[in-house]
Amino acid sequence: MNKNICNVLFIFAAILFLSFARAWAQEAQEETYDNEADMYVRYVPSRSAKAQSGRVQIIESSFEYVRNLKLFGELPVELSINPQYIDIRNSTQVELPSHLTGFSTGIETTVPLFNLEKAYFHIGVFPSFYGDQWTFDLGHFRIPSCYYAIYRPNEKLILIGGVSVYPKYEDTVLPVIGFIYMPNDALTFEILPDGSTISYALTKKVTLFLEGGDFSDEYVVSKDTNRNVVLRYSQAYCGGGIKFQVNKNIEAYLSAGAVLAGAFKYRDELGKVSMERGPYVTVGVQMTL
């Protein structure tokens, strides 16, 4: 069962990616559809655990491909695939997996909110597998989703409000509240639940930014003789960095800062590792077409 599901998942991802890549190449001349890719690696050096001996080092990597299209010529739809990998070096007394893996797909759309002017409703569904191996089974399967309203009173401000739903998670419903404010062409505030940035464009090619946020996710893993136990990984961070526009389609970025809080926690009191504060460095590339 594990191998069959894994094989089907990767065949689906390969077909999806290749079909998008072909459409990307064909439509580059037409400039009809948007394609986006975001790749990054974040390195969190070894740091001490709180209230216990040992240290933890983390390397996170992620690749997300997004295809923006319009169904029937009108309905905007965003399709995505997002594999993730987290490498863990752990010397504490609490057993942790050597790595965590995730693979999610997504479909999102935004439609007018009733007949309200400048108001919209966004819905997203993300079938996902989260575990400690690349051979996923149904026990690793989750379907997070989000539902929120968007209001744009003017060209400079966007307001967002709604909820995210996480079935089978410890916190099943979380608020989605944020805004995007662009007082001028150089300065942008993006205060969003999945991470906030304040950006200032020095030139057309160079942008400075501050970043911060906190996140958590849950993985179904094996611990000792226990199978399918839930491990929650959480992190809060803040820092800053620089973006460089290589050309009109490629942007590279580098950021560094501090991880203010981080923890691995098993459900059912099977153990917890909280880490001391420490630095992080992130390197990434964003591509659009």
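First, a word on scope: everything that follows refers to the structure included in this document. Since this is a predicted model, take the numbers as computed values, not measurements.

1. Overview of the side chain of Glu108
One can find Glu108 in strand E4 (residues 99-112). Comment: no salt bridge for buried Glu108; closest opposite-charge side chain is Arg67, at 14 Å. Side chain to side chain, Glu108 and His122 meet in a polar contact 2.9 Å long. Apart from the residues within four sequence positions on either side, Glu108 is in contact with Pro76, Val77, Glu78, His122, Ile123, Gly124 and Phe126.

2. Regarding the packing of aromatic side chains
Under the criterion given, the structure shown has nine aromatic pairs. Here Tyr166 and Tyr169 contribute two aromatic rings whose centre-to-centre distance is 5.3 Å and whose plane-to-plane angle is 55°, an arrangement assigned as tilted. Assessed through its relative accessible area of 10%, Tyr169 is described here as buried. Members of the aromatic cluster, joined through ring pairs, are Phe129, Trp134, Phe136 and Phe141.

3. Digging into the nonpolar core
Ile58, Leu96, Leu100 and Phe264 are the most contacted members of the largest nonpolar core, which totals 23 residues. Every element with two or more residues in this core is listed here: strand E2 (55-71), strand E3 (75-90), strand E13 (206-223), strand E14 (226-245), strand E15 (250-266) and strand E16 (272-275). If we skip the residues at most four places from it in the chain, Leu100 touches Gln84, Tyr85, Ile86, Ile88, Gly131, Asp132, Tyr219, Val221, Leu231 and Phe264. If you look at the next biggest cluster of nonpolar residues, it comprises seven residues, including Cys146, Tyr148, Ile158 and Val176.

4. A look at the pairing of E2
Note: strand E1 (residues 34-48) against E2, 13 bridges, orientation antiparallel. Looking across to E2, one finds that Asp38 is bridged to Glu64. Pairing between E2 and E3: 14 bridges, direction antiparallel. Note on E3: the bridge partner recorded for Leu71 is Leu75. Counting the residues in the hairpin turn of E2 and E3 gives three residues, including Phe72, whose phi is positive at 55°.

5. Concerning the environment of Leu202
Its place among the elements puts Leu202 in the loop between strand E12 (196-201) and E13. Expressed as a C-alpha distance, the spacing of Leu202 and Leu187, which sit 15 residues apart in the sequence, is 9.5 Å. Apart from the residues lying within four places of it in its own chain, the contact partners of Leu202 are Thr207 and Leu208.

6. Thoughts on the pattern of salt bridges
What the rule picks out here adds up to six salt bridges. A salt bridge links Arg232 to Asp171; the shortest N-O distance between them is 3.0 Å. Taken as a pair, Arg232 in strand E14 and Asp171 in the loop between strand E9 (157-165) and strand E10 (173-181) lie far apart in primary sequence, 61 residues in all. Its relative accessible area of 21% is what places Arg232 among the partly exposed residues. Given a relative accessible area of 33%, Asp171 falls into the partly exposed group. One salt bridge in this structure joins Arg267 and Glu218, with 2.7 Å as the shortest N-O distance. With Arg267 in the loop between E15 and E16 and Glu218 in strand E13, the pair connects residues that are 49 residues apart, well separated along the chain. Here Arg267 falls in the partly exposed class, since its relative accessible area comes to 27%.

7. Concerning the pairing of E3
Looking at chain direction, E3 and E4 are connected through 11 bridges and run antiparallel. Across the sheet, Ile81 pairs through a bridge with Thr105, a residue of E4.

Rules of the game
Residues numbered from 1 in each chain as written. Predicted model: local features only at pLDDT ≥ 70, side-chain atom pairs only at ≥ 80, totals over all residues. Heavy atoms only, no water. Helix = DSSP H or I, 4+ residues; strand = E, 2+ residues; numbered from the N terminus. Buried < 20%, exposed > 50% of the residue type's maximum accessible area, 1.4 Å probe, protein only. Lys, Arg positive; Asp, Glu negative; His and termini not counted. Salt bridge = Lys/Arg side-chain N within 4 Å of Asp/Glu carboxyl O. Polar contact = N/O pair within 3.5 Å; in protein donor to acceptor, adjacent residues only side chain to side chain. Contact = heavy atoms within 4.5 Å. Phe/Tyr/Trp six-rings, centres within 6.5 Å; stacked < 30°, edge-to-face > 60°. Core = buried A, V, L, I, M, F, W, Y, C linked by side-chain atoms within 4.5 Å. Pairing = 2+ DSSP bridges.

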